[in-house]
Structure formats: C-alpha cells, structure tokens
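# Architecture at a glance
Spelled out from the first residue to the last, the chains are:
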Amino acid sequence: SNSLSMSSGCACTIPCTIARNSFWLIAPSLFLSHFATTSPIFRLRLTIAIPSFAATVWFASLCLPLGICIYVSTFVAQYHGDGQPKRIGPVMWQGVWIALLAGPILLFAAPVVAQVFNVADHGPEIQQKETLYFYILTVGTPAMLLAQSFASFYSGRGQTVVVMWIDTIFVVLN
C-alpha cells in the first residue's frame, strides 16, 4: 500500500521535531543568566528577554537561506520517490553551495543587522548583551546552513533518526 500510516508518519516526523527543537530548548534559557548582578527577578527577566529578542533578529536574518537549504529535502524526497537517485546528489550540493554563499554574507551583514538593537530603546547594558548574543548566534550560521543542506540527504529519504542523533550530539557538544 502506498498510503502513509499514522505510525510510519510519526516514525518520520518525531525525530525531526526532536532534532530541530533541541537547540531552542536549551541554549537561550541558559545563556546570559549569570550576567545580571541585580535581583533574581531582574535576572530572570534578562535571561528570557535578551536571548528572545536577539534570537528573533538573528532568525529573521537567517530565514531565507535557511528555508532554501531545508527545502532541498523536498527535492531529495521527490527524486528518491521517483526512483531517480542520480539527481539527489546535485540537488543536495546546490543547497550546500547556497549555504557556502549565504553564510559569509550573513556574517559580513551582522554589524548592520545588529543596529536593530540600538533602535529598540533598551538600556545600554541590555543592548550590549543582545548584540553579543546576536554575534554568537551569527558565528554559527554558516555551519547551521551547511548542516541543513547535508541533513536534507537523510531527511528527504526518510532517514530522520540519523538527523535527530547528529543534531542531538551537536547540541550536547555545544
């Protein structure tokens, strides 16, 4: 039968969900918590506010190239399902080339994008920490784009458990 059962759908999507959300569950809430020297309530507000705003600005600058790199898995799945394995490699490498081009562009554009924090009307201490966190996220952008392009080879062929384990290992290492 060609129909997708609930169990096979879950077997494919659950590892992707775990892998894609593991970074967002750990890093932002842990990052700047020890920087605030004031009350615990203010420290908690900084712990939530700084990573949230900085990550939102970072992700907004990343969306287009990341979306393209992730979309490669759609073409991999199409060619895999259509029995055209020779077309999978070139499509995956197009995603890699986009990642290699977009990564440095985003790194060089980071100082311009970081000006958003000056306009946001936050205090100077918070702006400084938002900018620092934004730069830290931006440094990892080229590797993230490359990882998504290479992961499309596995996720597009339904091997999402491989992607989950690789992403989990890198989160633990990070």
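See the structure above.
Now for a description of the structure that goes with this document. (Residues numbered from 1 in each chain as written. Predicted model: local features only at pLDDT ≥ 70, side-chain atom pairs only at ≥ 80, totals over all residues. Heavy atoms only, no water.)

Secondary structure summary: the protein contains seven helices and zero strands in total. Helices (α) and strands (β) of the protein occur, in sequence order from the N terminus, as α-α-α-α-α-α-α. Looking at the protein as a whole, 33% of its 174 residues qualify as buried. Pairs at least 24 apart in sequence give 77% of the contacts found in the protein among residues at least 6 apart. A total accessible area of about 10,600 Å² is found for the protein, and carbon and sulfur atoms account for 71% of it. (Helix = DSSP H or I, 4+ residues; strand = E, 2+ residues; numbered from the N terminus. Buried < 20%, exposed > 50% of the residue type's maximum accessible area, 1.4 Å probe, protein only. Contact = heavy atoms within 4.5 Å. Areas by Shrake-Rupley, 256 points an atom, 1.4 Å probe, with all protein chains shown as cover.)

What follows is about the nonpolar core. Counting 17 residues, the largest nonpolar core has Leu-62, Phe-117, Phe-134 and Leu-145 as its most contacted members. Where this core is concerned, the elements lending two or more residues are helix 2 (40–81), helix 3 (88–113) and helix 5 (124–139). Element by element, the count of residues in this core is highest for helix 2, at seven residues. Discounting residues that sit within four places of it in the chain, Leu-62 has contacts with Leu-106, Thr-141, Met-144 and Leu-145. In this structure, Val-72, Val-76, Tyr-79 and Val-91 belong to the second largest nonpolar core, which totals five residues. (Core = buried A, V, L, I, M, F, W, Y, C linked by side-chain atoms within 4.5 Å.)

Next up on the list: the side chain of Ser-149. Of note, Ser-149 is situated in helix 6 (residues 141–155). Judged by relative accessible area, which is 0%, Ser-149 ranks as buried. Here the side chain of Ser-149 touches Gly-95 through a polar contact of 2.9 Å, landing on its backbone oxygen. For Ser-149, the residues in contact, after removing those within four places along its chain, are Cys-69, Met-92, Gly-95, Val-96 and Ala-99. (Polar contact = N/O pair within 3.5 Å; in protein donor to acceptor, adjacent residues only side chain to side chain.)

Moving on, we come to the environment of Gly-95. Relative to the elements of secondary structure, Gly-95 occurs in helix 3. Residue classification places Gly-95 among the buried residues on the basis of a relative accessible area of 0%. Between the C-alpha atom of Gly-95 and that of Ile-68, which follows or precedes it by 27 residues, the distance is 7.1 Å. In contact with Gly-95, not counting residues within four places along its chain, are Cys-69, Val-72 and Ser-149.

Relative to the 38 Å expected for 26 residues at 1.5 Å per residue, helix 3 spans 35 Å between its end C-alpha atoms, a close match to the ideal helical length. Along helix 3, the sharpest change in direction is near 35° and occurs at Leu-107; proline Pro-111 comes one to four residues later. Every buried residue belonging to helix 3 is among Ile-88, Val-91, Met-92, Gly-95, Val-96, Ala-99, Ala-102, Gly-103, Leu-106 and Ala-110, and all of these are buried. (Expected span 1.5 Å × (residues − 1). Bend = angle between axes of the 7 residues up to and from the residue.)

Attention shifts here to the packing of helix 3 against helix 6. For the pair helix 3 and helix 6, interaxial distance at closest approach is 8 Å and the crossing angle is 170°. One finds that helix 3 runs roughly antiparallel with respect to helix 6. Contact residues: helix 3 offers Ile-88, Met-92, Trp-93, Gly-95, Val-96, Ala-99, Leu-100, Ala-102, Gly-103, Leu-106 and Leu-107, while helix 6 offers Thr-141, Pro-142, Leu-145, Leu-146, Ser-149, Phe-150, Ser-152 and Phe-153. Tallied by class, the residues present in the contact of helix 3 with helix 6 amount to 14 nonpolar, five polar and no charged. (Axes fitted to C-alpha atoms, helices over the stretch in contact; angles between N-to-C directions. Parallel < 35°, antiparallel > 145°, perpendicular 65-115°, else oblique. Nonpolar A, V, L, I, M, F, W, Y, C, P; charged D, E, K, R; others polar.)

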